[in-house]
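# Summary of structural features
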Amino acid sequence: MKKNIVNHQKISIVFAGRNDQYGGDFKSKLLAAWKRNYTEMITRGIEGEWIFIEWNPLNEDYLSYTLAPLGFKCYVVPASIHQSICTNPDMNFMQFYAKNVGIRKASYPWVLLTNADVVFGNDVLDYLQNNTLLENIIYRAERRDIKSGLYTADFPKMLENTVMYYDSYGGQHFERGAGDFTLYNKNRIDFGHDENIKDSDIYIDIRFISNYLKKHESNSNISPGFKFIGTVFKEDHQLTWRNTSHLASSHKGLNKREEYLTQNIPYHLPENWGLIDYPVKKLDDNIGLLQPFPKTVNIQLDHQPIIPQLSSSNSLLISASPKSLKIVALLTIRNEERYLSRCLEHLRSQGIEVCVIDNDSTDQSLEIAKSFLGRGVIRIENFPYEGKFELTKICQNEERLALEINADWFIHHDADEIRQAPPPYPTLLEGIEDTDRQGYNAINFDEFVFLPTSEAESYEGKDYVQEMQYYYFFEPDPLRRINAWKKTPHINIHSSGGHHALFPERKIFPIPFILRHYIILSKDHVIEKYIKRVHCESELAKGWMLDRARFTPDKLNFPSKSELKKLDPSGIWDRTEPWDKHHFLLGKKETSSQPLSKLQRLEKGLARSQAWLEQIQANLKE
């Protein structure tokens, strides 16, 4: 198998701390370590951004105010958020929760997790300068604790003054000192530290490594491995591991070695791990303060990484922060109380504002929408219901609003959908901003349909996004859901029933985004959803919604788990064997459970590739 090699890699360097003078003069150690690392990296031409997460600071005299002018991208997690998460009253700092925040905020695929007072050895720096990185490898370094006052000493002198050596024994003990140097590609290894443990910071870094092995031990496409590339150094003090590891409990929390090393691996993280859905208030250039819920829509710091540069006077020059795009989802609803709260919460977490258009709902949908005003929902419109479902008129009304609302981009959205950007973008906002920066003005979404696998299953009243695990890839035609577009005076979504945003000089981003479609939640739901709906005859004549209009309860035919794809926690979506019909509406006689033949799969793949090739050719002509 050919290995994936990334040339000229840039690195997001993530570490955390707080203004508590941990281990002595923490601020001075941080600055001394950073100055040496930064200078050595610049000398060798190694590009990177520096991300500092200030967790549970003692007061508002944040360290971030010192670091941001040096080019750091800083996020402050206040005491209120720490207290809402931590279950150990004796523990004031959650290093690995903090590093998860940094992972999710990182601009580059390659992420280095380290500590604020760690100095990289020459062997590590030389390796990064002279080698390419393999995406399926986690890179590690051996840690040495050294005597104080040696951060400016040369490499041999630091080696000579080692007081504690975390020996890897030829690379076998790959977990030792993992919190001090773990370098990996987050596009390939898409998870963070275990957020299920809220009473300790001990061994959480080891669990990260073990989780990687366990998740991919049977996946031949990953071929997991580790490589030690040198040494890192850390000044010894009274709170280092060698001086506290004998304690059953310390400032790092409970020391439950056997439990934390072996139990519940692999672990799984929620969709919003790394506090990615917490709103961010801009305090200063390059400093964001995470806000407890409820607050306004999430405001991200710079998506483009901040690269410090030295002027002729050897002072650091910081570029100005670009303004975030305003992106609005146009969400028309009628009796969507099952979905609406979850949908609006997700959009808010993704940095997307919402205009809700209520089609005379008779349930609690309108009240739910009103509760989100000022919390992601910017506007609520009424669109009168005239006795039937008229998709053309709904889309024409959204076209009107897209011309009227002051925004940069729009998304045609339904309440039963959860949309997300592909890796490496943490949020829809950041994915669309990068799409815009690259000169594209439309986005296609690949649709993955989730549903129960038997009549006994019901996800009503539950967190269906977390609990529904089985889906099929729905693609009757390639490039079928072009649902996001840059503001234009000539938008047309009504002629395709909302499936295609049509306008002159359209350029579709070449990587599809993700649409998770939770089409039904239970047997009762599907009957209520489609039996009661009155369709527009002119739209049925176009072939729209025929499967819904012809549905009767006796046709209900839930697919089995063996016919569907199972959700992969690592974020890999299975696009093999796409479906071109919603078979659960068609009845057993009309449904074939036979898998596609090899020829059919090739034909489907060829059609998809041909559609993308034609789009790329059209983009190149413009």
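Residues numbered from 1 in each chain as written. Predicted model: local features only at pLDDT ≥ 70, side-chain atom pairs only at ≥ 80, totals over all residues. Heavy atoms only, no water.

### Re the overall build of the protein
Heads up, the rule is: Only DSSP runs of H or I with at least four residues qualify as helices, and only runs of E with at least two residues qualify as strands; both kinds are numbered from the N terminus onward. Three labels apply to residues, based on accessible area from a 1.4 Å probe with only protein chains included: buried if under 20% of the type maximum, exposed if over 50%, partly exposed otherwise in between. Note on contacts: a residue pair qualifies if any of its non-hydrogen atoms lie within 4.5 Å across the two residues.
A tally of regular secondary structure across the protein gives 18 helices and 27 strands. Classification of the 622 residues of the protein by burial places 56% in the buried group. If you take every contact in the protein between residues at least 6 apart in sequence, the share linking residues at least 24 apart comes to 78%.

### Some words on the confidence of the model for the protein
Heads up, the condition is: Scored from 0 to 100, pLDDT records how confident the predictor is in each individual residue.
On average, the protein scores 80 in pLDDT, and the residues at 70 or more come to 78%. For the protein, strand β17 (residues 316-317) is the element with the lowest average pLDDT, namely 28, and strand β21 (residues 409-413) is the one with the highest, namely 98. For residues 241-251, every residue scores under 50 in pLDDT, and the model assigns this stretch 27 contacts once sequence neighbours within four places are set aside. Every residue in residues 294-322 is under pLDDT 50, and counting partners more than four places away or in other chains gives 82 contacts.

### A word on the pattern of salt bridges
Selection criterion: For salt bridges, the criterion is a side-chain nitrogen of Lys or Arg within 4 Å of an Asp or Glu carboxyl oxygen.
All chains considered together, the criterion is met by 30 salt bridges. E417 is the salt-bridge partner of R481, the closest N and O atoms lying 2.9 Å from each other. Residue R481 is located in the loop between β24 (470-474) and β25 (482-486), and its partner E417 is located in strand β22 (residues 417-420); the two are separated by 64 residues in the primary sequence. Like R481, the residue E417 is buried in the burial classification. For E455, the salt bridge goes to K523, with nearest N and O atoms at 3.3 Å. Here E455 is found in the loop between β23 (442-450) and α14 (464-467), whereas its partner K523 is found in helix α15 (residues 523-531), with 68 residues between them in sequence. Each of E417, R419, E447, R480 and R481 takes part in salt bridges that share partners, so that together they form one network.

### Things to note about the environment of P559
If you trace the backbone, P559 turns up in the loop between α17 (546-549) and β27 (565-566). Apart from the residues lying within four places of it in its own chain, the contact partners of P559 are L451, P452, T453, L564, W579 and F584.

### Some remarks on the environment of G374
The residue G374 is located in the loop between α11 (365-371) and β20 (377-382) in this model. For G374, a relative accessible area of 47% gives the class partly exposed.

### Focus on the environment of V232
Within the secondary structure, V232 sits in strand β11 (residues 225-235). The exposure class assigned to V232 is buried, which follows from its relative accessible area of 0%. Along the primary structure V232 and V119 are separated by 113 residues, whereas in three dimensions their C-alpha atoms are 5.6 Å apart. Apart from residues no more than four positions distant in its own chain, V232 is found in contact with V118, V119, F120, G121, A141, E142, R143, R144, D180 and F181.

### Comments concerning the packing of aromatic side chains
Worth spelling out the cut-off: Pairing of aromatic side chains requires ring centres within 6.5 Å, counting the rings of Phe and Tyr and the six-membered ring of Trp. Pairs whose planes differ by under 30 degrees are stacked, by over 60 edge-to-face, and all others tilted.
All told, the structure shown has 27 aromatic pairs when counted by the stated rule. Here F15 and F72 contribute two aromatic rings whose centre-to-centre distance is 5.9 Å and whose plane-to-plane angle is 85°, an arrangement assigned as edge-to-face. Placement of the pair is F15 in strand β2 (residues 11-17) and F72 in the loop between α2 (64-67) and β4 (73-77), with a sequence separation of 57 residues. Looking at F15, the relative accessible area reads 2%, which means it is buried.

### Section: the pairing of strand β19 (residues 353-358)
We count it as follows: When the strands point away from the viewer, a crossover counts as right-handed if the route from the first strand across the helix to the second turns clockwise. Here a strand pair is declared whenever DSSP counts at least two bridges between the two strands.
Counting buried positions along β19 gives six out of six residues, so the element sits mostly inside the fold. Residues E353, C355 and I357 point to one face of β19 and V354, V356 and D358 to the other, with burial holding for every one of them. Tracing the backbone out of strand β18 (residues 327-333), into helix α10 (residues 340-349) and back to the parallel element β19 gives a crossover that is right-handed. As judged from the five bridges shared by β19 and β20, these two strands associate in the parallel manner. In the strand pairing of β20, V354 is matched with V377. In this view, the connection linking β19 to its parallel neighbour β20 by way of α11 has right-handed handedness.

### Concerning α10
Since the α-helix advances by 3.6 residues per turn, residues separated by three or four positions end up pointing in the same direction. Of all 10 residues making up α10, seven are buried, and the element is well covered by its neighbours. L340, C343, L344, H346, L347, R348 and S349 are the residues of α10 that are buried. One or two positions beyond α10, positive phi appears at G351, with a value near 80°.

### Digging into the side chain of D358
The criterion, for reference: Any N or O atom pair separated by 3.5 Å or less is treated as a polar contact, with the protein-specific requirement of one donor-capable and one acceptor-capable atom, and with residues adjacent in sequence counted only for side-chain atom pairs.
The topology assignment puts D358 in strand β19. In this structure the side chain of D358 is engaged in a polar contact, spanning 2.6 Å, whose partner is the side chain of S361. Setting aside residues no more than four positions away along its own chain, D358 makes contact with I333, L366, E381, N382 and F383.

### Describing the pairing of strand β10 (residues 181-185)
Counting buried positions along β10 yields five of five residues, so the element is predominantly enclosed. Neither face of β10 is open: one carries F181, L183 and N185, the other T182 and Y184, and all of them are buried. Examined bridge by bridge, strand β5 (residues 110-114) and β10 share five bridges and lie antiparallel to one another. Among the inter-strand pairings, T114 is bridged to a residue of β10, identified as F181.

### Regarding the packing of helix α1 (residues 26-44) against helix α5 (residues 122-130)
To characterise two packed helices, one gives the angle between the axes of the helices and the distance between these axes. Applied cut-off: Convention adopted: a line fitted to C-alpha atoms gives each axis, helices being fitted over their contacting stretch, and angles between N-to-C directions are expressed from 0 to 180 degrees. The hand of a helix crossing depends on one turn: near helix anticlockwise from the far one by less than a right angle means left-handed, and clockwise means right-handed. Throughout this entry, Asp, Glu, Lys and Arg are counted as charged residues, while Ala, Val, Leu, Ile, Met, Phe, Trp, Tyr, Cys and Pro are counted as nonpolar. The remaining residues, Gly among them, count as polar.
For the pair α1 and α5, interaxial distance at closest approach is 10 Å and the crossing angle is 35°. When the axes of α1 and α5 are compared, the crossing they make is right-handed. Between α1 and α5, the residues in contact are R36, E40, M41 and R44 and N122, L125, D126 and Q129, respectively. In terms of residue class, the contact of α1 with α5 is built from two nonpolar, two polar and four charged.

### A closer look at unusual backbone geometry
Most peptide bonds take the trans form, and the phi angle of most residues other than glycine is negative. In the segment running from P423 into P424, the intervening peptide bond is cis, with an omega of 10°. Counting through the fold element by element, P424 comes out in the loop between β22 and α13 (428-437). The backbone of L479 sits at a positive phi, close to 50°, despite the residue not being glycine. Along the chain, L479 turns up in the loop between β24 and β25. What makes L479 buried here is its relative accessible area of 10%. The phi dihedral of E505 falls on the positive side, at around 55°, and the residue is not glycine. Residue placement: E505 occurs in the loop between β25 and β26 (513-518).

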